[in-house]
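Structure at a glance
So the chains spell out like this:
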Amino acid sequence: MIEPNKAVTVGQRPGVADQNVLILGSGIAGITTALELSEMGISSTILERRDRLGGQAAVFACKASEKCNKCFACVVDNQIQEVSRRSGIRILTESTLGKISGDPGRFKVQIQSGGNESRLEASVILVATGVDFFNARQKPEYGYGLFQNVITAQDLDEMLHAKGRVLRPSDGQVPSRIAFFQCVGSRDETIGHLWCSKVCCAYALRFMKAIRHQYPEIETSFFYIDIQPLGRSFESLLEACRQDERMHLIRSLPSKVYGHRTSTDLRIRFIDPVSGGITEEGFDLIVLSIGMTPREDADQVADLLHVPKNEEGFYRSPPPDSGIFVSGACKGPRDIGGSIIDAKATAREIAQYLGGV
Amino acid sequence: MVESFSPRIVAFCCDKSGYVAADMVGKLRLSLPESLDIVRVPCAGRIDALHLLQALEKGADGVLIFACHEENCQSLTGNIRAKARMGYLHGIMERIGLEKERLDLCNLATNNGAKFAETVLQKFDELKKLGPSPVE
Amino acid sequence: MRSSKECRIAIVIDHCEGTLSHIFDEAMVRYFSGLPCVVSCYQDDNLSSPRRLEKLVAKLRKGKADRAVIVGGSPKRYEASFRRLDLGTGFNPYMFLVANVREQAVWTIPDVERAKEKTKTIVAKRIREATCLSPIGEEKFELSKNAIVLGGGVVGMRAALALADANIQVTLLSRAKDIGGKAIQLTHFYDRPGEVSSWFKDQVKKVKKHPNIAVKTSVELKGLEGSLGDYRVKVEDPSGKRREVEGSAVILAMGNDVIPNTEGIFGHQRFISPPQMEAMLADGGKSLVTDKERPLQTVTFILDLVNETIKIDSANAIKNAILLRENHDRAVYVICRDVKVSLDGMEKQYRKAREMGVIFIKYDDPPKFSLVNGQINVEVKEVSIQMRGDDYSLSILSDLVVVSERFVPSKDNQMLADVLGIPLAEEGFLMDENPQFARVRTNRRGVFIAGGCRYPQTLDESLVEAEAAAAGVTELLSQGFFGYDLAVAEIDPAKCAACLTCPRVCPHSAIVVERYAEGNVYVTGGYEKDFRWKAARVLPMQCYGCGICVSSCPTKAITLKHLTDDEISLQVGV
Ligand SMILES: Cc1cc2nc3c(=O)[nH]c(=O)nc-3n(C[C@H](O)[C@H](O)[C@H](O)COP(=O)(O)OP(=O)(O)OC[C@H]3O[C@@H](n4cnc5c(N)ncnc54)[C@H](O)[C@@H]3O)c2cc1C
Ligand SMILES: Cc1cc2nc3c(=O)[nH]c(=O)nc-3n(C[C@H](O)[C@H](O)[C@H](O)COP(=O)(O)OP(=O)(O)OC[C@H]3O[C@@H](n4cnc5c(N)ncnc54)[C@H](O)[C@@H]3O)c2cc1C
Ligand code: SF4
Ligand code: SF4
Ligand code: SF4
Ligand code: SF4
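The notes below deal with the structure included here. Given the structure is predicted, the values throughout are model-derived calculations rather than measurements.

A word on the overall build of chain B
Of regular secondary structure, chain B possesses four helices and four strands. Counting only C-alpha atoms, chain B reaches 45 × 35 × 20 Å along its principal axes. Considering only contacts within chain B whose residues lie at least 6 apart along the sequence, 81% involve residues at least 24 apart. Carbon and sulfur atoms provide 54% of the accessible area of chain B, an area that totals close to 5200 Å². Between the centroid of the 17 positive side chains of chain B and the centroid of its 18 negative side chains there is a distance of 5 Å.

Structure below.
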């Protein structure tokens, strides 16, 4: 009989107190690392700020059309289920990191859970704190928060996840013309975000494909700068989108949205790449493809754990002997699949650090 | 009071997708008909034509198969095989005078709780219109 | 099915932290206790906790029951804990059944009384089904800590190093004369300033020196067979000698092939490939002026004619465009459909290139090429200036035009896919992108894929894959054995007609039919000594228990141990 959590064949690194890995963040990166470590017989404690596991991707909807469109959302579901059942993985939700002392391989950590404080020893700390969604209110010209029918991709995801439908927030009706605005909060000099969020082109295209499948009568437009491929199945996805006559891919970013609060005919203004002139068009639902930004408290965590950052403010890997590891989207935008393989790679590095598996 | 006809539905659910989606229906607190029976199978490919027939024979007014979306099956082809089997059975049903609508397949993922509920309710209404299964 | 009289069922009511207590009133408990074969009834508040479950098992063992039905939440709540129940002292995990009344009745039927009725029906059915349960055991076998890595490019090397550092003996097989692969042609990476060759040489040296890595170069792949713990790769060396290499697991890292674009005008000497461009820049730009008639003043990169959804060319073009402006003051055009900036730091590189005067032109219709006075005229319609009339196009007279090579699947992919039963993606790369396999796993236990044979990506992306694949192997081998429970398919050889259906349909290549030489013939127990039978057999360590073979077998020779036909029949009944 296999006891996955007992049979530790991993050699003990001299001076390592016990092999408890503290994982900050229960996003797909944190969860996957915990699972992989448990397979190798290393126990871990997951610290999660929120009251639920899974991070951002836990509330993503399935974006399949006649077949799976490889958004990886359901994989996150599976992993959440798996992690909450494994022993050898301790989960502390609604908890945050307090003070840290000790040395690499033997950290002493203070943890705040609710009002309580507890202590914990950790041989390794993994930072998998993920990213924030871009706050679309920072682009006032699109009127997010002002117009009810301007929503973010995250809102759309949550709507599809919980209700299984796409509805206009203003009146609960199925929309007839949906526009997706790309690069909201990314590739944007005016807000100093000089990075591409990598996933948003693909997720918007998948959304459109899924919506068109569920509601063949809906017409969708996709306003973009450059289309970024993501993963191997992207080629066929893009081809299918190009073939679809009621899916318009328009190489232009709208400059402004006009309307009133509950308007179901929001006017948008953009340069039409075909005619070359400034054009106006009406839509009854506008979806902003928001990107990813470094977390609000990224600096705080970085200072506490001495994690270096890159120019954009995402984390870089600390030196290998620091006992601190970094994984997932907090290293810079990446998709779920990318976060998973990154987490696997990190789990192996941790195991090796803990005593040359 | 005359009880209105409440069609009995047997839903074969793939453990990797359909069953989890069915659980999600509960978590979302959506309602399902009481006459729904959920049969959990490791993969939709496990479902034999025989089981489908058995269900119809033993008094189900409708049978639903919940399988993974195509290209997202841990056993690669389980969902496709289930679909093929359904096609085969549709042929038989036609011959013995059973409406094809009584057997249907729905592809979904773990996070499709809402779709699960909607599909069941839709089928429920459809079967209500069709009336009880003529099978003894 | 055993006679239900022999069964002694314990009902275990899980109140799920009090959330179901209103359902499990006295009357309900009485109803449960009165069901056939039920010998005892326990109650608990939260059985999803492994410790509580252990306590319960202790109680069950003292009692008379030989199987149990848990009435509570979703089986998913309990099952992982079941698996950990110690076989020696406890209850067999397969002697439990779960009646999911929380999700299937209480939460989905708002009316309490009706929910109670549904609870009763569900439990009654599960009790009937419980009579069919039988225990399922576990097995394990030893795994030697060795692995095979196919392909000696950077990806293969990184995977080999990661495994070797984890004390796994690695055989690194490569077709080329030396290890290194395609990346050896590169002198710069967009995101690694300065020379990369030293980094690269260092990697090669590490691999060659590592005591746990045996490198075999100049070998041609001839076959691969076996299963977890016993994979055998057949290779042929240049002298035609064949040999077999053994390993417990395999990482496929054969990279991809490239086809240079030399058709028609692209055969002209002024068209070069990205690696040629790379080489020209490697010598400090000396070769950029070797053309005698005219200095190579204008360089144009043409992207997205091929590999439109692969980011390598775009990254490479931007990198080299910057170098051409920065160090050699050439006029540079990049003509593409979309600029691929979805790489770490690439947006900034793109902006830098533009600031330095690299001109980016985006097209919807592919550009046209013609020869004009020994130069190449590239005619293209820039999407944003089409307004000036449909006929308006830009004409760029170029001295050098860099056109991408087409990235194609390695020619061995098909053979490997065939022998391993791994599905090829449409374009011929290894393994469909099925999210369930998290990119680096395959449907064959113990076989992993990484790098260009899966999908051509930039170095960083490929290296993470290498590490993830190595992590997968390390995980499998780290315990020194592989344990699996026998909740798998089983074939009754007496019923098998060796029709070969099941080995064909099994998605995990878990079924073999031994039908070769005498020594290989599968001898089944229970027959006379000399009686040799040709039959299919399930390799339990490869089987995922999906049941596809069961429903496909024309003679009904296969049983799925954890969900027999009987059990399904009982569930579909009223
Ligand atoms: C709108 C949008 C749509 C997307 N759609 C897709 C898609 O379709 N497909 C795809 O593959 N990818 C998609 N992505 C990308 C995907 O969301 C990320 O790749 C993924 O969520 C990253 O996972 P992670 O674990 O690194 O981080 P996260 O999911 O962000 O998880 C981090 C976790 O850490 C917790 N945490 C943070 N700080 C602390 C702290 N100090 N202490 C304790 N806990 C902490 C957070 O609460 C959170 O739970 C999308 C992204 C966006 C913005
Ligand atoms: C022109 C070009 C420019 C690039 N520029 C950049 C860049 O600027 N930045 C960046 O990050 N990335 C760049 N890349 C990508 C990078 O080079 C690749 O990601 C990397 O080389 C892929 O490595 P690999 O190990 O998967 O494949 P390869 O390097 O192709 O290695 C495959 C190895 O497998 C061997 N092999 C093949 N078949 C068999 C077989 N059947 N049996 C045994 N051995 C076999 C081959 O001999 C070879 O040694 C570029 C790639 C190209 C082609
Ligand atoms: S579209 Fe996404 S959620 Fe749906 S099945 Fe495919 S990977 Fe899973
Ligand atoms: S992925 Fe597409 S939408 Fe997202 S930032 Fe990059 S270019 Fe813009
Ligand atoms: S399908 Fe059945 S009869 Fe055919 S080989 Fe397999 S077990 Fe034998
Ligand atoms: S149960 Fe599935 S994996 Fe196992 S042998 Fe049958 S078809 Fe193959």
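Having put the structure on the table, let's press on.
Considerations on the interface of chain C and chain A
If you look at the interface, chain C gives 61 residues, while chain A gives 60 residues. Of the roughly 5500 Å² buried between chain C and chain A on both sides combined, carbon and sulfur atoms contribute 51%. Seen at the junction of chain C and chain A, the total is twelve salt bridges. A:R251 is paired through a salt bridge with C:D338; the nearest N and O atoms lie 3.2 Å apart.

Observations concerning the interface of chain B and chain C
Counting from both sides, the interface comprises 42 residues of chain B and, opposite them, 46 residues of chain C. Overall, the association of chain B and chain C removes approximately 3700 Å² of surface from exposure, summing both partners, and the carbon and sulfur fraction of that is 50%. For the chain B face of the interface with chain C, the top three residues by lost area are B:E34, B:R46 and B:Q74, together amounting to 19%. Each residue belonging to the side of chain B that touches chain C can be placed in one class, and the counts come to 17 nonpolar, eleven polar and 14 charged.

Some thoughts on the site of ligand 5
Near ligand 5 lie 13 residues; those nearest to it are C:C496, C:A497, C:C499, C:C502 and C:C553. Its residues assigned to classes, the shell around ligand 5 comprises eleven nonpolar, two polar and no charged.

Here we look at the sheet that holds strand β3 (residues 89-92) of chain A
All names here are of chain A. Here five strands make up an open sheet; going across it, the order is β3-β2-β1-β7-β18 and the pairing parallel. One side of each edge strand has no neighbouring strand; the edge strands of this open sheet are β3 and β18 (324-326). Neighbour to neighbour, the strand axes of the sheet diverge by 20° on average, direction disregarded. Sheet analysis places strand β7 (residues 124-127) next to β18, joined by three bridges and oriented parallel. By the bridge assignment for β18, V127 is matched with V326. Sitting on the sheet, helix α1 (residues 28-39) touches β1 (20-24), β2 (43-47), β3 and β7, and the angle it makes with β1 is about 165°. Contacts between helix α6 (residues 298-305) and the sheet are confined to β1, β7 and β18, with β7 contributing the most and set at about 160° to the helix.

Re the packing of helix α2 (residues 49-57) of chain B against helix α15 (residues 565-572) of chain C
For any two helices packed against each other, the geometry is given by the interaxial angle and the distance between the axes. Put simply, α2(B) and α15(C) touch, their axes get as near as 9 Å, and they point 25° apart. As the angle between them shows, α2(B) and α15(C) are arranged roughly parallel. Here α2(B) and α15(C) pass one another in a crossing that is right-handed. On the side of α2(B), the interface is formed by B:H51, B:Q54 and B:A55, while α15(C) contributes C:D565, C:I568, C:S569 and C:V572. Looking at the contact of α2(B) with α15(C) residue by residue, the classes come out as three nonpolar, three polar and one charged.

Observations concerning the pairing of strand β2 (residues 36-41) of chain B
Residue and element names in this part refer to chain B. With six of its six residues buried, β2 lies for the most part within the structure. Bridge count between strand β1 (residues 9-14) and β2: six bridges; the pairing is parallel. Along β2, the bridge assignment pairs C13 with R40. For the crossover that starts at β1, traverses helix α1 (residues 18-27) and ends in the parallel β2, the hand is right-handed.

As for a negative patch on the surface
Together, A:E235, A:E239, C:E426 and C:D432 make up a negatively charged patch on the protein surface. Structurally, C:D432 can be placed in the loop between α11 (412-420) and β23 (447-449).

About the thresholds
- Residues numbered from 1 in each chain as written.
- Chains lettered and ligands numbered in written order.
- Predicted model: local features only at pLDDT ≥ 70, side-chain atom pairs only at ≥ 80, totals over all residues.
- Heavy atoms only, no water.
- Helix = DSSP H or I, 4+ residues; strand = E, 2+ residues; numbered from the N terminus.
- Contact = heavy atoms within 4.5 Å.
- Areas by Shrake-Rupley, 256 points an atom, 1.4 Å probe, with all protein chains shown as cover.
- Lys, Arg positive; Asp, Glu negative; His and termini not counted.
- Charge placed at Lys NZ, Arg CZ, Asp CG, Glu CD.
- Buried area = accessible area lost by both parts, 1.4 Å probe.
- Salt bridge = Lys/Arg side-chain N within 4 Å of Asp/Glu carboxyl O.
- Nonpolar A, V, L, I, M, F, W, Y, C, P; charged D, E, K, R; others polar.
- Near = heavy atom within 4 Å.
- Pairing = 2+ DSSP bridges.
- Axes fitted to C-alpha atoms, helices over the stretch in contact; angles between N-to-C directions.
- Parallel < 35°, antiparallel > 145°, perpendicular 65-115°, else oblique.
- Left-handed = near helix turned anticlockwise from the far one by under 90°.
- Buried < 20%, exposed > 50% of the residue type's maximum accessible area, 1.4 Å probe, protein only.
- Right-handed = clockwise from strand over helix to strand, strands pointing away.
- Patch = residues over 30% accessible without salt bridge, like charges linked within 9 Å, V, L, I, M, F, W, Y side chains within 5 Å.

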